[in-house]
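# Architecture and fold: a report
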Amino acid sequence: MAAIHMAFKISLRHQIGDCALAVDFSSNAGITAIIGPSGAGKSTLLNCIAGLIAPDQGRIAIADDVLFDSAKGICVPIQHRRAGYVFQDARIFPHLNVAANLAYGEKLSPPAAYKIERKLIIDVLGIAPLMDRWPATLSGGEMRRIAIARALLSAPKFLLLDEPLASLDRARGEEILAMIEHLHRTLAIPMLYVSHQPLEVERLTDSVIALGNQPLMHADPPC
Amino acid sequence: MITAAEWSIITLSLRVSIAATLFTLPAAYALAWLLARRRFAGRALVDALVHLPLVVPPVVTGWLLLIMLGPAGPLGSMLDRWFGVTFMFHWTGAALAASVMALPLMVRAIRLSIDGVDRRLVAAARTLGASKWHAFRTITLPLTLPGILAAAMLGFARALGEFGATVTFVSNIPGQTRTLPLAIYTGLQMPGGEAAVTRLAIISILLSLGALLASEWLIRRANGGNSHGV
């Protein structure tokens, strides 16, 4: 077996207004959960990792790739970070149908990148019948599944899941959760799973990082 | 039905208005984007300058164009000396006057539509591997298409109706700068010109209505093409 690399090795500080986010953790689990109350900086952390926000200082390394290092002046541009970011609000492009939404990141992924088979993604997420639909006609659960498929098809090096069950009813949430477990078993992509519900992540992973009140990592002042 | 003289006025008006619209559209989009999406020093000044033709009397705008771009003006003499370009008494001068008058309306229409584009969609496109330019081309630009069409319609209508700035800047030259409004005004100055004026006025109304219907149809099609479904 090859040397073990840390999936996520992240240490950063970022200040927005009065809120200071300070994070320092490393994890090698397939799924790493980030939990904490609303406003603890969970989404800010994901935005820093994806490159949408440049943290004030710190270092972000994922599977040996250094994405950000303030000391060395490294800041990989967003489009080269290859994050599979599933936003809480799905962000399906309203002017493209489902098939075109899915193809958006797929077309932009480097030809040599490790790709998960298209059919597998579509089957696991059960979205084959939705291909010709327009976003305005989709339910919340369908949007979420398409957002996950779109991220996976962009040949990401890691997945960022921001409250993937938020605003879904129990049955739908259960479905998505089962899919994420299935993806985790099928694919070798490290995932960061953000949630404000400790119970939700319990069944997914033992690697849980609490934002907001843990000594390992904290936001001060809590905001 | 339409006389040769009328026909030449119509084609000149269309040429001036279409040239003004097409020429202004990219500039208006760039200005609208800057004003909507960027915070920079002098932003308020740019905003004010863009809106100036909307608030000052058109005759004053025409006079400003004349002193800047006329043969004795700083820009005008430079263009003439270096490129042999002159706007004076030429249809391109009428198009330029119409273009300046149309600019604020076009910038406003496009800016509203850019403000309406959810920037979170652009962020999502970036995480999917799109460069800034690619995200602009594939997300922002298509989502602002209805605004672009609305701007083109407003600009075209404004250009078709332009009078004050045109007559001040490039005068009233048959075949070069005598567009529909100027021809109507000229007809009113001549004894017995009422019949000609009526005909030109009707043509003018029909042209504007036609442009309005065409743009409504285009906007409906643009919205239908990326159908928000239901």
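Just so you know, these numbers come straight off a predicted model, no measurement behind them.

Here we come to the packing of helix α4 (residues 118–125) of chain A against helix α6 (residues 170–186) of chain A. Packed helix pairs are characterised by how far apart their axes lie and by the angle those axes make with each other. Residue and element names in this part refer to chain A. At a minimum axis distance of 10 Å, the contact between α4 and α6 shows a crossing angle of 155 degrees. Relative to α6, the element α4 lies roughly antiparallel. Between α4 and α6 lies a crossing of right-handed hand. In this structure, α4 contributes Leu120, Val124 and Leu125 to the contact, and α6 contributes Met179, His182, Leu183 and Thr186.

Tracing the backbone shows Ile110 of chain B in helix α5 (residues 91–115). Among all residues touching Ile110 of chain B, those that are not within four sequence positions of it are Ala28, Tyr29, Ala32, Thr144, Gly147, Ile148 and Ala151 of chain B.

Residues and elements named next belong to chain B. For chain B, per-residue confidence averages 92 on the pLDDT scale, and 97% of positions sit at 70 or higher. Per-element confidence in chain B ranges from a low mean pLDDT of 86 for helix α4 (residues 74–83) to a high of 97 for helix α6 (residues 119–127). Scored as a complex, the prediction yields pTM 0.86 and ipTM 0.88.

With that settled, consider α6 of chain B. Listed as buried for α6 of chain B are Leu121, Ala123, Ala124, Ala125, Arg126 and Thr127 of chain B. Residues of α6 of chain B that are buried make contact with α1 (42–50), α2 (78–81), β7 (83–86) and α3 (98–108) of chain A together with α7 (132–143) of chain B. Among the residues trailing α6 of chain B, Gly129 of chain B stands out with phi positive, at a value near 110 degrees.

The next subject is the interface of chain B and chain A. Each partner contributes residues to the interface: chain B has 19 residues there, and chain A has 21 residues. Contributing elements (two or more residues each) for the side of chain B that touches chain A: α6 and α7 of chain B. Tallied by class, the residues present in the side of chain B that touches chain A amount to 10 nonpolar, 7 polar and 2 charged.

Attention now moves to the sheet that holds β7 of chain A. All names here are of chain A. Spatial ordering of the open sheet is given by β7-β8-β9-β3-β10, a layout of 5 strands whose pairing is parallel. What marks the edges here is a single partner per strand, and that holds for β7 and β10 (208–210). Adjacent strand axes in the sheet meet at a mean angle of 15 degrees, parallel and antiparallel pairs treated alike. Two strands pair when backbone bridges link them, and strand β3 (residues 31–35) and strand β9 (residues 191–195) are joined in this way by 5 bridges, in the parallel orientation.

For chain A, the average pLDDT comes to 86, and 93% of its residues sit at 70 or higher. This model gives residues 214–223 of chain A a pLDDT under 50, and the stretch forms 25 contacts once residues within four places in sequence are excluded.

Conventions and cut-offs
Residues numbered from 1 in each chain as written. Chains lettered and ligands numbered in written order. Predicted model: local features only at pLDDT ≥ 70, side-chain atom pairs only at ≥ 80, totals over all residues. Axes fitted to C-alpha atoms, helices over the stretch in contact; angles between N-to-C directions. Helix = DSSP H or I, 4+ residues; strand = E, 2+ residues; numbered from the N terminus. Parallel < 35°, antiparallel > 145°, perpendicular 65-115°, else oblique. Left-handed = near helix turned anticlockwise from the far one by under 90°. Contact = placed C-beta atoms within 7 Å. pLDDT = per-residue confidence, 0-100. Buried ≥ 20, exposed ≤ 12 C-beta atoms within 10 Å, placed from the backbone. Nonpolar A, V, L, I, M, F, W, Y, C, P; charged D, E, K, R; others polar. Pairing = 2+ DSSP bridges.

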